[in-house]
Amino acid sequence: MASNNSGNRTNIPEAKQALNNMKFEIAKELGVNLKNGYNGDLTAKENGYVGGYMVKRMIEQYEQEHAGSK
């Protein structure tokens, strides 16, 4: 099977910035002390909490945008 080697690269620079902004916004809402640069002092639970809420918010946004298309 061929691999596209894309890894975690974002193809659209604006999307990368939007996700980064969302990450910091959610971390602030959850009380997680996320900072620019190194965040190795955060626990896996804290990082997972932020990532989980990012996914939850993206799903909610998608559902709102596509609610009337069924």
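Refer to the structure above for everything that follows.
Residues numbered from 1 in each chain as written. Predicted model: local features only at pLDDT ≥ 70, side-chain atom pairs only at ≥ 80, totals over all residues. Heavy atoms only, no water.

(A) Spatial organisation of the packing of aromatic side chains. Taken as a whole and judged by the stated rule, the model has 1 aromatic pair. Where Y49 meets Y53, the ring centres are 5.2 Å apart and the plane angle is 85°; that geometry is what we call edge-to-face. Of this pair, Y49 and Y53 both sit in helix α2 (residues 44–65), 4 residues apart, which is roughly one turn of the helix. Among the residues examined, Y49 registers a relative accessible area of 42% and is labelled partly exposed. Y53 gets classed as partly exposed once you look at its relative accessible area, which sits at 34%. (Phe/Tyr/Trp six-rings, centres within 6.5 Å; stacked < 30°, edge-to-face > 60°. Helix = DSSP H or I, 4+ residues; strand = E, 2+ residues; numbered from the N terminus. Buried < 20%, exposed > 50% of the residue type's maximum accessible area, 1.4 Å probe, protein only.)

(B) Fine view of the nonpolar core. M22, I26, A27, V32, L34, L42, V50 and M54 form the largest nonpolar core, which has 8 residues in total. Mapped onto this core, the elements with two or more residues apiece are α1 (13–30) and α2. The element contributing the most residues to this core is α1, with 3 residues. Sequence-distant contacts of L42, that is, excluding residues within four places in its chain, are made with V32, N33, L34 and N47. (Core = buried A, V, L, I, M, F, W, Y, C linked by side-chain atoms within 4.5 Å. Contact = heavy atoms within 4.5 Å.)

(C) Representation of the side chain of N39. Turning to its location among the elements, N39 is positioned in the loop between α1 and α2. Its relative accessible area of 17% is what places N39 among the buried residues. Here G37 takes part through its backbone oxygen, which lies 3.1 Å from a polar atom of the side chain of N39. Apart from the residues lying within four places of it in its own chain, the contact partners of N39 are N33 and L34. (Polar contact = N/O pair within 3.5 Å; in protein donor to acceptor, adjacent residues only side chain to side chain.)

(D) Molecular detail of the packing of α1 against α2. The interhelical angle for the contact between α1 and α2, taken along N-to-C directions, is 115°, at an axis separation of 9 Å. The two elements α1 and α2 meet at a crossing, and its hand is right-handed. Taken together, the residues of α2 that come into contact with α1 (itself represented by L19, M22, K23, E25, I26, A27, E29 and L30) are Y49, V50, Y53, M54, R57, M58 and Q61. Among the residues making up the contact of α1 with α2, the classes are represented as 10 nonpolar, 1 polar and 4 charged. (Axes fitted to C-alpha atoms, helices over the stretch in contact; angles between N-to-C directions. Left-handed = near helix turned anticlockwise from the far one by under 90°. Nonpolar A, V, L, I, M, F, W, Y, C, P; charged D, E, K, R; others polar.)

(E) Region of the structure containing the pattern of salt bridges. One pass over the full model with this rule turns up 3 salt bridges. E25 is the partner of R57 in a salt bridge, and the nearest nitrogen-oxygen pair spans 2.9 Å. Taken together, the positions of R57 in helix α2 and E25 in helix α1 put the pair 32 residues apart, joining distant regions of the chain. For E25, a relative accessible area of 43% corresponds to the partly exposed category. Between K35 and D41 there is a salt bridge whose closest N-O contact spans 3.1 Å. (Salt bridge = Lys/Arg side-chain N within 4 Å of Asp/Glu carboxyl O.)

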